[in-house]
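# Coordinates in review
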Amino acid sequence: MIGTTTPAMPTAPGVPAIVSSRFGVADGHTLEGYRSSGSYEGYSALRAVLEMSPSAASEIVKDASLLGRGGAGFPAGIKWGFCPADVWPRYIVVNGDESEPGTYKDRVLMERDPHQLIEGCLIAAYAIGAAQVFLYVRGEMAHAQERIAAALNEAYAAGLVGRNILGTDFSVDIVLHWGAGAYIVGEETALIESLEGNRGMPRLKPPFFPAAKGVYLAPTIVNNVETLSNLPWLFSHSVEEYRSVGTDSSPGTRLIALSGHVENPGIFEVAQGTTTFRELFESELYGNGIRAGHELKMFIPGGASAPWFFPEQVDLPLEGRVVGGAGSMLGSGAVVVMDETTDAVRACLRLVRFFARESCGKCTPCREGTTWEEKILQRILDGHGRPSDLELLLDVADNISPGPYPVASDPANDLDAVPYPPRQTTICPLGPSSVAPITSAIRRFRHEFEDKIVQRDLIPVEGVSVDV
Amino acid sequence: MARLTPENVELAHRIIARYPRPKSATIPLCHLAQEQDGWLTDEAMVHVAELVGCTPAEVLGTASFYEMFKRHETGRYCLNVCTNISCQLLGGEELLEHAEQVLGVRPGGTTSDGMFTLEDVECIAACTEAPAVQVNYRYFHRLGPDDLDQLITDLRSGALDDVVPHHGTLGRVHQDLDGDRIANITPPEAQTEPVWIRRHRELAESNDGGAS
């Protein structure tokens, strides 16, 4: 039971293991293992990239339409292009501060295949001309820090990182940095604040778009661990091969952490865009069904910040635009399945409590709003709810995210979906994310809340009669 | 106890050298102090401030934001039970309640023998292995109440000493980056266009010049 990471299961027939090919390899985390196992030869992509021009390398990433895997799903190649021309230095910050509830993929990538990530960092650094790469690993992930430190030491000794890499004029340092426990640091401007040694509070955009004014106010590209881990496979294969997996708008694969009430929870590398949630839940390759004797009540398609989906949405594909149009998001590849035994109020409170605890406190609507959302939900769960509480909750939520909030359709009640993303009165999306479980749960399971808001027994007072 | 030891000061200087600006080393140095003392003392924060060149208040300001930094003494083992959604669905909250009863403390409390500090933590990225627990940031997966009892017994008896280091220790392998190994770490003001970028730009410009 001592925590060794569960290896990813095999991919479906015809789907290549782009990032997970060494998860089951005992020495896949070492330089030797990286070179001799997996779906491509380790560091061969770097050699190929050093033969081409930096702009050609960027073009390949753009042509492959490699979407960011951190949550927003923005194309990495286009993001790289946002750096202003002729402004130096440029930095790369790798976002390994994985903490979105339900998400469990970057940790596996860092523990199981650190060299893949390092090679990805080198390719990105070469392409954009980075002076230095900061690999920011979440503080609690001690083992991932060890694996990356060991891999960096090997890579430096082998001349793969540092000065004159592989005998060329390409030189870059990769520095392992580690955090100290704060979800908000996963937001890219907060990550940068944290890296500068400050409280991890997001910066206002504009003007602080990282690509223009990032670390030390220099142009900075912040990429997720999984995004960069795709690069070695991409550059040792071809854009065509990469784009042959998934769909046109969502090519390649995604690592999905499937957790909750399924028979076989685990981390699966699936084709983006073509795999459906039903396949994910029911296929023997993946979830192998909702746990025996139970049925699906709802599921979270993309981490705690994503509005909930219900049985009507299971046939949707894992495709960003489709899921967005249906009222939620694919987010960070965290799918949490809840069966009919789940108390919607209790699950909602737990998710909201997370956002209340993790709010950085910079913006008032989020700092105060998430705290009140938690308090109100807690009193409803404790049996002290007031009849006005549901409207109050929705009102507090509306102050953080005004207007119709993204939510899935509810055909039984003839309600349409509200597409993603939500509006916000805050600097970053943390506050608005706290609204996702509230609107999802109240719209669908209002009766569960109302059942908990009970009338208190009246204390009889002599001589006074009350009509009840 | 409190200021960094001479060995740790040397390590601190090596860590600082990895950043273009010293203040970026604040969090790693606070971790170093916590690894030394088990928690982050006022004296250590004053020392960190001297090392990175800011005020002690700035170090406190940073450190107090992050929940891993403990501003008071903790138990030998920080037992962190995850109760977030994936773990909640499979009994994380019940496991926390069980831990409260077994240890006789509420989350945030330390047992009177100084062995355990219990914490109710947010998602620790082991969602498919729920319910999950970390002890001094080492993972234990899919624990039921009996498994937790066994874990506590093993920790008390020292049977897990090789697996679980004392509180404050994170990675036991460190990046070995200093002196000759560093390729190009200078303050941002001192940086110019990277050589390989310049080479390719000049090459492209001369090709364009040749074509026109």
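Numbering of residues starts from 1 in each chain and follows the order in which that chain's sequence is written. Chains and ligands are labelled sequentially in the order written, the chains with letters from A and the ligands with numbers from 1. Whole-chain, interface and lining totals are the exception, using all residues; otherwise, since this is a predicted model, local features are given only for residues with pLDDT of at least 70 and side-chain atom pairs are given and counted only at 80 or more. Working from all heavy atoms in the structure, the side-chain values ignore hydrogens and water.

Here the focus is the pairing of strand E2 (residues 116-121) of chain B. Looking along a regular strand, one sees the side chains alternate between the two faces of the sheet. All names here are of chain B. Judged by how many residues are buried, E2 sits mostly within the fold: six of six residues are covered. The rule is simple: take the accessible area with a 1.4 Å probe, protein chains only, and divide by the maximum for that residue type; under 20% is buried, over 50% is exposed, in between is partly exposed. Only DSSP runs of H or I reaching four residues or more are called helices, and only runs of E reaching two or more are called strands; each is numbered from the N terminus. Of the two faces of E2, the one carrying Phe-116, Leu-118 and Asp-120 and the one carrying Thr-117, Glu-119 and Val-121 are both buried. Where strand E1 (residues 77-82) and E2 come together, six bridges link them in parallel fashion. The residue of E2 that forms the bridge with Tyr-77 is Phe-116. When DSSP finds at least two bridges between two strands, those strands are taken to pair.

Turning to the sheet that holds strand E3 (residues 133-135) of chain B, a few remarks are in order. All names here are of chain B. Read across the sheet, four strands follow the order E2-E1-E3-E4 without closing on themselves; strand pairing throughout is mixed. With one partner strand each, in any of the chains shown, E2 and strand E4 (138-140) form the two edges of the open sheet. Looking at each pair of strands side by side, their axes are set apart by 25° on average, direction ignored. To get an axis, a line is fitted to the C-alpha atoms, and for a helix only the part in contact is used. The angle between two axes follows their N-to-C directions and goes from 0 to 180 degrees.

Residue and element names in this part refer to chain A. Per the annotation, domain bounds derive from an automatic or database assignment of domains. Segmentation of chain A into domains returns domain 1 (31-243), domain 2 (253-339) and domain 3 (344-452). Residues are treated as being in contact if the distance between any of their heavy atoms lies within 4.5 Å. On the side of domain 2, 15 residues touch domain 1, which itself brings 13 residues to the contact. Buried area is calculated as the accessible area (1.4 Å probe) missing from two parts once they are joined, with the contributions of both summed. In total, domain 1 and domain 2 occlude about 1,100 Å² of area from one another, counting both sides; carbon and sulfur atoms represent 52% of this. Summed over the three residues of domain 1 that lose the most area to domain 2, namely Arg-69, Glu-100 and Gly-102, the buried surface amounts to 35% of that side.

Counting residues at the interface gives 90 residues for chain A and 73 residues for chain B. Between chain A and chain B the total buried area reaches about 6,700 Å² when both faces are included, carbon and sulfur atoms providing 56% of it. Within this document, salt bridges are pairs made up of a side-chain nitrogen of Lys or Arg and a carboxyl oxygen of Asp or Glu, the two lying within 4 Å of each other. Taken together, the links from chain A to chain B amount to nine salt bridges. With its nearest N and O atoms 3.4 Å apart, the salt bridge here joins Arg346(A) to Glu94(B). A 3.5 Å cut-off defines polar contacts: any pair of N or O atoms within that distance qualifies, except that in protein one atom must be a possible hydrogen donor and the other a possible acceptor, and neighbouring residues in sequence count only when both atoms are side-chain atoms. Connecting chain A to chain B are 42 residue pairs in polar contact (both at pLDDT 80 or more). Sort the elements by how many residues they give to the side of chain A that touches chain B and helix H7 (residues 142-157) of chain A lands first, with nine residues.

Annotation of chain B at the domain level lists domain 1 (6-63) and domain 2 (77-157). Its C-alpha centre places domain 1 of chain B at a distance of 30 Å from the equivalent point of domain 2 of chain B.

Okay, the layout of surface pockets next. Computed over the protein atoms alone on a 1 Å grid, cavities are sets of points where a 1.4 Å probe fits but cannot get out and pockets are open sets with protein on both sides within 12 Å along at least five of seven lines; a residue lines them when it has an atom within 4 Å of a point. Grid points are joined across faces, edges and corners, and a volume is the space filled by probe spheres set on the points. Looking at the second largest pocket, its volume works out to about 500 Å³. Around the second largest pocket sit 23 residues that line it, and Pro54(A), Ser55(A), Arg90(A), Ala127(A) and Ile197(B) are the ones nearest its centre. Those elements that provide at least two residues to the lining of the second largest pocket are helix H3 (54-64), helix H4 (76-80) and helix H6 (114-128) of chain A together with helix H8 (195-211) of chain B. We call Asp, Glu, Lys and Arg charged. Ala, Val, Leu, Ile, Met, Phe, Trp, Tyr, Cys and Pro are nonpolar, and the rest, Gly among them, are polar. In terms of residue class, the lining of the second largest pocket is made up of 11 nonpolar, six polar and six charged.

With that out of the way, let us pick up helix H2 (residues 26-37) of chain B. Each residue after the first adds 1.5 Å to the expected span of a helix. Given a rise of 1.5 Å per residue, 12 residues ought to cover 16 Å, and the 17 Å separating the end C-alpha atoms of H2(B) matches this to within 8%. Among the 12 residues of H2(B), 10 are classified as buried, and the element is accordingly described as predominantly covered. Of the surrounding secondary structure, the elements contacted by the buried residues of H2(B) are strand E3 (173-178) and helix H8 (188-195) of chain A together with helix H1 (6-16), helix H3 (42-52) and helix H4 (56-63) of chain B. Downstream of H2(B) by one or two residues, Gly38(B) has phi in the positive range, about 90°.

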